[in-house]
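A closer look at the structure
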Amino acid sequence: EDFGESRPGAGFSTTYERSIQIAKDYPVEKKLVPGLNATAYLSVPELADVRAQMSLLNYNEMLVQAIYASDDAEVQNIVESFRAQLKSAGIDQFKEHLNTIYSENPEAINFYTE
């Protein structure tokens with residue numbers, strides 16, 4: 001069906017063979033990182049209203065607005081406005097919840113993603 005090729009067109013170039021060689025020479029190593037991403041803790045019942053309010057915030061939209069702002073003062077206003085929205089959504093309550101979990105078990109939260 002594919003003329004004996006592992007994928008269509010594989011026999012027509014050396015790119016496929018080179019990609020196999022690179023995959024063998026530089027294998028992807030995965031490691032287990034303990035803990036959950038910090039945002040996973042927004043699903044707890046006591047933070048239901050915080051989660052609902054934060055779901056209305058659009059971080060990517062704020063970044064686009066800041067990138068295309070006309071000057072530094074406008075960028076600062078956009079960022080400060082978003083920061084105020086986070087505060088009113090309950091970011092401080094969320095931080096307090098994370099600090100409580102972290103103080104009980106430092107490996108429960110993974111603040112870094114790969």
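So, here's what we can say about the structure. (Residues numbered from 1 in each chain as written. Predicted model: local features only at pLDDT ≥ 70, side-chain atom pairs only at ≥ 80, totals over all residues. Heavy atoms only, no water.)

All right, on to the layout of surface pockets then. By volume, the largest pocket amounts to about 170 Å³. Taken together, Thr 39, Leu 42, Met 54, Ile 91, Phe 94 and Lys 95 form the lining of the largest pocket. Top element by residues in the lining of the largest pocket is helix H5 (residues 91–104). It accounts for 3 residues. (1 Å grid on protein atoms, 1.4 Å probe; cavity = no way out; pocket = protein on both sides within 12 Å on 5 of 7 lines; lining within 4 Å. Points joined across faces, edges and corners; volume = space filled by probe spheres on them. Helix = DSSP H or I, 4+ residues; strand = E, 2+ residues; numbered from the N terminus.)

For the rest of this paragraph, the subject is the packing of helix H3 (residues 59–67) against helix H4 (residues 72–89). One can describe the packing of H3 onto H4 by two numbers: an axis separation of 9 Å at closest approach and a directional angle of 165°. Considering their axes alone, H3 and H4 lie roughly antiparallel with respect to each other. Here H3 runs over H4; the crossing is right-handed. Between H3, through Tyr 59, Met 62, Gln 65 and Ala 66, and H4, the contact on the second element is made entirely by Val 75, Ile 78, Val 79 and Phe 82. (Axes fitted to C-alpha atoms, helices over the stretch in contact; angles between N-to-C directions. Parallel < 35°, antiparallel > 145°, perpendicular 65-115°, else oblique. Left-handed = near helix turned anticlockwise from the far one by under 90°. Contact = heavy atoms within 4.5 Å.)

Inspection of the secondary structure puts Lys 95 in helix H5. Spatially, the C-alpha atom of Lys 95 lies 9.5 Å from that of Ala 38, the residues being 57 residues apart in sequence.

Attention now moves to the packing of aromatic side chains. Taken as a whole and assessed by the stated rule, the structure comprises 1 aromatic pair. Centroid distance Tyr 59 to Phe 82: 6.0 Å. Interplanar angle 55°. Geometry classified as tilted. Of the two residues, Tyr 59 sits in helix H3 while Phe 82 sits in helix H4, which places them 23 residues apart along the sequence. Since its relative accessible area comes to 48%, Tyr 59 is described here as partly exposed. (Phe/Tyr/Trp six-rings, centres within 6.5 Å; stacked < 30°, edge-to-face > 60°. Buried < 20%, exposed > 50% of the residue type's maximum accessible area, 1.4 Å probe, protein only.)

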